[in-house]
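Analysis of the macromolecular model
Each chain, letter by letter, is given below.
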Amino acid sequence: MAAEVIYMDNNATTRVAPEVFEEMRPYFCDLYGNPSSMHAFGGQVGRKLAEARGRVASLLNVEPDELVFTSCGTESDSTAILSALEAFPEKRHIITTRVEHPAVKNLCERMQSRTGHKYRLTRLSVDRQGMLDLDEYEKALADDTAIVSVMWANNETGVVFPVEKMAAMAKEHGILFHTDAVQAVGKIAIDLEKAPVDFLSLSGHKLHAPKGVGVLYVRKGTPYVPFLIGGHQERGRRGGTENVASVIGLGKACELAGRMMAEENTRVKALRDRLEAGLLAAIPHAILNGHPDHRLPNTSNISFEYVEGEAILLHLDRYGICASSGSACTSGSLEPSHVMRAMGVPFTAAHGSIRFSLSIYNTEKEVDFILEHLPGIISNLRELSPFWQNMNK
Ligand code: PLP
């Protein structure tokens with residue numbers, strides 16, 4: 001990694017782990033056979049693909065043949081939701097939350113609006129700490145609910161939802177449950193023997209595998225309608241030749257994630273906590289967004305009131321510090337993110353929200369560097385802020 005970059009934007013994407021890259025390397029120019037071919041040259045690739053499937057399955061505690069390799073988290077989300085709607089055409093209700101990633105949010109809204117309101121959409125609200133109300137959820141479960149789609153962990157705040165419990169509640173009503181676990185997999189333990197979800201989405205590039213590969217877990221026996229119709233790949237559940245090298249990389253990344261999970265939840269969490277505590281102590285009018293405990297170990301979202309997040313990012317960038325304001329997908333728009341709005345973060349704070357998302361590659365020295373420079377950046381920007389000047393008149 002370029003020595004001068006301090007990368008704390010791991011919820012946007014991660015560095016491909018060197019071990020992952022090495023595992024992938026032979027599958028470009030040497031072992032380039034098609035895993036579905038009959039010849040031995042392709043067969044050895046097929047066996048490596050099966051090994052990767054097994055490695056992903058171990059991380060989630062599922063059977064390898066419950067996994068479908070896809071092109072990304074977004075494809076996995078679309079496949080799960082559209083599959084449920086197609087499998088149960090008489091059911092016209094979808095339950096989701098107000099804080100989903102656009103991959104789920106925009107699809108659900110499109111199903112509601114572009115199909116002449118054929119679908120009723122319940123979007124569960126969150127409180128000021130980004131937490132759901134399970135009573136509201138219980139009341140929303142209805143006879144005509146085709147699917148519930150609730151993320152395991154939020155990409156902007158890191159807040160973790162009680163997915164095991166929510167999936168069990170859906171199960172009691174005979175309703176299919178999908179979880180977008182793109183941010184959770186690799187950061188916190190996920191055991192699908194304990195969480196009765198029917199579908200789970202994950203994405204390679206959030207856990208040190210390459211971009212452009214994902215997985216959809218489909219529990220055995222779940223009604224399933226493919227999204228990409230084509231060849232017989234993935235046992236007929238997703239047409240298209242697998243992105244072999246990336247799938248192999250994802251398998252290795254899952255194996256590494258299983259081994260590094262303890263470090264993620266101790267050393268990385270301690271770094272995150274030190275960064276967060278240092279910033280909250282040094283900078284007045286700084287507010288933590290999201291629940292302090294029910295959170296991913298790597299994520300800290302802090303609002304610096306009366307300054308623009310974009311301006312903070314530009315100044316951080318000059319020091320080589322990579323962070324994010326809102327989700328990577330919403331930056332570029334001047335509106336506060338839908339997550340901040342759903343949480344009721346006041347206007348003056350929502351605009352100044354910065355997400356730091358760490359990984360196993362971050363160090364104490366990097367945290368110290370940010371603690372040394374960010375308080376000065378905020379106070380300089382506030383000197384230029386009319387809001388701040390009015391407040392301090
Ligand atoms: N879901 C969540 C929670 C995400 O954070 C992201 C990416 O930021 C996605 C889905 C989309 O994943 P992909 O980029 O692999 O399509």
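Residues numbered from 1 in each chain as written. Predicted model: local features only at pLDDT ≥ 70, side-chain atom pairs only at ≥ 80, totals over all residues. Heavy atoms only, no water.

**Focus on the overall build of the protein**
If you tally the helices and strands in the protein, you get 14 helices and 12 strands. Scaling as 2.2 N^0.38, a compact globule of 393 residues should have a C-alpha radius of gyration of about 21 Å, and the protein matches this with 22 Å. Each principal axis of the C-alpha atoms in the protein carries an extent, and together these give about 75 × 50 × 35 Å. The 393 residues of the protein split such that 55% are buried. Across the protein, every contact between residues at least 6 apart in sequence was considered, and the portion connecting residues at least 24 apart equals 75%. By element, 55% of the accessible surface of the protein is carried by carbon and sulfur atoms, the whole surface being about 16,400 Å². In the protein, 41 positive and 48 negative side-chain charges are present, and the distance between their average locations comes to 2 Å. (Helix = DSSP H or I, 4+ residues; strand = E, 2+ residues; numbered from the N terminus. Rg over C-alpha atoms; globule rule 2.2 N^0.38 Å. Buried < 20%, exposed > 50% of the residue type's maximum accessible area, 1.4 Å probe, protein only. Contact = heavy atoms within 4.5 Å. Areas by Shrake-Rupley, 256 points an atom, 1.4 Å probe, with all protein chains shown as cover. Lys, Arg positive; Asp, Glu negative; His and termini not counted. Charge placed at Lys NZ, Arg CZ, Asp CG, Glu CD.)

**Thoughts on the domain arrangement of the protein**
How large an interface is tends to be reported as the accessible area lost when its parts come together. For the protein, the assigned domains are domain 1 (6-14 + 261-391) and domain 2 (18-256). If you average the C-alpha positions of domain 1 and of domain 2, the two centres end up 28 Å apart. Interface of domain 1 and domain 2: buried area, both sides summed, is about 2,800 Å²; carbon and sulfur atoms make up 57% of it. Three residues, T14, M261 and L296, lead the burial of domain 1 against domain 2; their summed loss comes to 22% of the area buried on that side. Inspection of the region where domain 1 meets domain 2 yields zero salt bridges. For the pair domain 1 and domain 2, the number of links is 17 residue pairs in polar contact (both at pLDDT 80 or more). Listing elements by their share of the side of domain 1 that touches domain 2, those giving two or more residues are α9 (244-282), β9 (286-289), β10 (299-304) and α11 (338-342). Per-class residue counts for the side of domain 1 that touches domain 2 are 15 nonpolar, 19 polar and three charged. (Domains from an automatic or database assignment. Buried area = accessible area lost by both parts, 1.4 Å probe. Salt bridge = Lys/Arg side-chain N within 4 Å of Asp/Glu carboxyl O. Polar contact = N/O pair within 3.5 Å; in protein donor to acceptor, adjacent residues only side chain to side chain. Nonpolar A, V, L, I, M, F, W, Y, C, P; charged D, E, K, R; others polar.)

**Considerations on the site of the ligand**
Neighbouring the ligand are 13 residues; T74, D180, Q183, S203 and K206 lie closest to it. Contacts to the ligand include T74, whose side-chain N or O atom sits 2.6 Å from an oxygen atom. Within the side chain of K206, a nitrogen or oxygen atom sits 2.5 Å from an oxygen atom of the ligand. Within the complex, the protein chains bury 89% of what would otherwise be the 390 Å² of accessible surface of the ligand. Looking at the shell around the ligand element by element, the count peaks at three residues for helix α4 (residues 73-87). (Near = heavy atom within 4 Å.)

**A word on the side chain of S246**
Take S246: it is sitting in helix α9. If near-sequence neighbours (up to four positions away) are discounted, S246 is found in contact with M24, P210, K211 and V213.

**What about a negative patch on the surface?**
A cluster of acidic residues, D127, D133, D135, E138 and E172, forms a negative patch at the surface. Within the fold, D127 resides in the loop between β4 (120-124) and α6 (134-140). For D127, a relative accessible area of 38% corresponds to the partly exposed category. (Patch = residues over 30% accessible without salt bridge, like charges linked within 9 Å, V, L, I, M, F, W, Y side chains within 5 Å.)

**Considerations on the side chain of K105**
In this structure, K105 sits in helix α5 (residues 102-113). When its relative accessible area of 19% is taken as the criterion, K105 is described as buried. With sequence-adjacent residues up to four places away left out, K105 is seen in contact with E100, R123 and H338.

**Description of the sheet that holds strand β12 (residues 353-357)**
Within the open sheet, the three strands sit side by side as β9-β10-β12. Their pairing is antiparallel. Looking at which strands have only one partner, the edges of the open sheet turn out to be β9 and β12. Looking at each pair of strands side by side, their axes are set apart by 30° on average, direction ignored. Relative to β12, β10 runs antiparallel, the two sharing five bridges. The residue bridging I302 from the neighbouring strand is I354, located in β12. In this fold helix α10 (residues 309-318) packs onto β10 and β12, with an angle of close to 45° to the strand it touches most, β12. (Pairing = 2+ DSSP bridges. Axes fitted to C-alpha atoms, helices over the stretch in contact; angles between N-to-C directions.)

**A look at the pattern of salt bridges**
When the charged atoms of two side chains lie near each other, side chains of opposite charge can form a pair. In the structure shown here, the tally under the stated rule is 23 salt bridges. The closest approach of N and O atoms between R53 and E234, which form a salt bridge, is 2.9 Å. Here R53, found in helix α3 (residues 40-60), pairs with E234, found in helix α8 (residues 233-236); they are 181 residues apart in sequence, far enough to count as distant. Overall, R53 belongs to the buried group, its relative accessible area being 15%.

**A look at the environment of L82**
Relative to the helices and strands, L82 resides in helix α4. In this structure, the C-alpha to C-alpha distance between L82 and I321, residues 239 residues apart in sequence, is 39 Å. For L82, the contacting residues outside a window of four places in its chain are L107, M111 and F227.

**A look at helix α13 (residues 364-383)**
A rise of 1.5 Å per residue sets the reference length of α13, with its 20 residues, at 28 Å; its end C-alpha atoms lie 30 Å apart and thus fit the reference within 8%. Bending of α13 peaks at approximately 25° at the position of H373, with proline P375 no more than four residues after it. (Expected span 1.5 Å × (residues − 1). Bend = angle between axes of the 7 residues up to and from the residue.)

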